[in-house]
Amino acid sequence: MSIDMHCHLDLYPEPIKVAAECKARGTYVLSVTTTPKAWDGTCKLAEGSQRIRTALGLHPQLAHQRSNELELFDALLPGAKYVGEIGLDGGKDFKEHWEVQLMVFRHILSSVNRAGGRIVSIHSRASAEAILDELESIDSIPILHWFTGTKTQLKRAIDLGCWFSVGPAMLNTKNGAELALNIPKDRLLTETDGPFARHRREPLQPWDSEIAVNQLADLWNCPVSDTTHILKNNFRSLLIS
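Not measured: the values here are computed from a predicted model.

Enquirer: Break down helix α1 (residues 15-25) for me, with residues and values.
Expert: Along an α-helix, residues three or four positions apart point the same way, because every turn accommodates 3.6 residues. All of the buried residues in α1 are Pro 15, Val 18, Ala 19 and Cys 22. Across the axial projection of α1, the buried residues extend over an arc of 100°, all falling on one side. Projecting away from the buried face of α1 at angles above 90 degrees are the exposed residues Ile 16, Lys 17 and Ala 24. Buried residues along α1 sit in contact with β2 (28-32), α2 (39-45) and β3 (52-56). The positive-phi residue at the C-terminal boundary of α1 is Gly 26, with phi of around 75°.

Enquirer: Tell me about empty space enclosed by the protein, residues and numbers included.
Expert: Scanning all chains against the criterion turns up 2 cavities of 30 Å³ or more. Forming the walls of the largest cavity are Met 1, Ser 2, Ile 3, Thr 190, Ser 209, Glu 210, Val 213, Thr 228, Leu 231 and Lys 232. In the lining of the largest cavity, the residues fall into 4 nonpolar, 4 polar and 2 charged. Here the second largest cavity is characterised by a volume of approximately 30 Å³. The wall of the second largest cavity is formed by Leu 58, Pro 60, Ala 63, Ile 86, Gly 87, Gln 101, Val 104, Phe 105 and Ile 108. Secondary structure elements with two or more residues in the lining of the second largest cavity: β4 (82-87) and α5 (98-114).

Enquirer: Break down the pairing of β3 for me, citing the residues and quoting the values.
Expert: The buried fraction of β3 amounts to 4 of the 5 residues, a majority that puts the element mostly inside the structure. Pairing of β2 with β3 involves 4 bridges; the strand directions are parallel. Within the sheet, the bridge partner assigned to Leu 30 lies in β3 and is Arg 53. Considered for its hand, the β-α-β crossover made up of β2, α2 and β3 is right-handed. Across 2 bridges, the pairing between β3 and β4 is parallel. Bridge pairing in β4 places Leu 56 opposite Val 83.

Quick notes on the rules
- Residues numbered from 1 in each chain as written.
- Predicted model: local features only at pLDDT ≥ 70, side-chain atom pairs only at ≥ 80, totals over all residues.
- Heavy atoms only, no water.
- Buried < 20%, exposed > 50% of the residue type's maximum accessible area, 1.4 Å probe, protein only.
- Helix = DSSP H or I, 4+ residues; strand = E, 2+ residues; numbered from the N terminus.
- Arc of directions from axis to C-beta.
- Contact = heavy atoms within 4.5 Å.
- 1 Å grid on protein atoms, 1.4 Å probe; cavity = no way out; pocket = protein on both sides within 12 Å on 5 of 7 lines; lining within 4 Å.
- Points joined across faces, edges and corners; volume = space filled by probe spheres on them.
- Nonpolar A, V, L, I, M, F, W, Y, C, P; charged D, E, K, R; others polar.
- Pairing = 2+ DSSP bridges.
- Right-handed = clockwise from strand over helix to strand, strands pointing away.

Structure (structure tokens):
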């Protein structure tokens with residue numbers, strides 16, 4: 001049973017084929033969206049599978065172009081059990097749009113709070129401290145996807161009750177592996193961030209989250225079977241929390 005808690009299913013070159021393969025393999029997928037307008041089409045990819053779930057998102061890198069879709073986000077939210085990809089991006093190509101990013105992120109968190117909370121997949125590149133500031137008073141379950149903050153920020157995130165999704169591309173880096181070692185084992189989930197993230201120069205497919213299982217087993221010096229058991233239990237705990 002492979003589990004991909006952050007994947008852009010709709011953005012593969014042939015998303016229908018990838019979705020069909022996920023169904024055939026029994027892969028659990030949290031299919032995140034980058035804009036509210038992508039919601040309907042992405043939901044169609046999950047039809048016929050109880051193991052593919054769609055998350056309603058507005059990506060921070062698109063916030064300055066798509067902030068006018070916040071009204072649509074709010075209209076769709078009652079039908080969305082999961083929210084993502086949302087967050088902030090302080091990278092050099094997007095920092096100039098910081099204020100609109102922050103406005104969008106705060107609006108979404110407020111809407112989600114009013115709706116009773118959700119499982120939320122969050123982008124925090126070069127913005128961990130600001131993300132954690134905003135998460136201080138939310139009722140949702142935050143999953144920090146591909147976390148790249150400092151160890152001090154990681155501890156703060158853990159204290160705030162955050163979960164973390166890690167994938168092969170993150171674990172292939174020295175910093176990513178070190179951060180993963182400092183995350184409590186019972187707060188870890190696997191992801192791919194496909195098709196954008198790559199492993200050995202190839203775009204990651206949702207079922208390639210199994211690569212991360214093997215990487216974590218090596219990091220933990222733990223049998224793959226025990227690592228798989230831990231990660232499955234984490235997944236189940238998240239869904240019933």
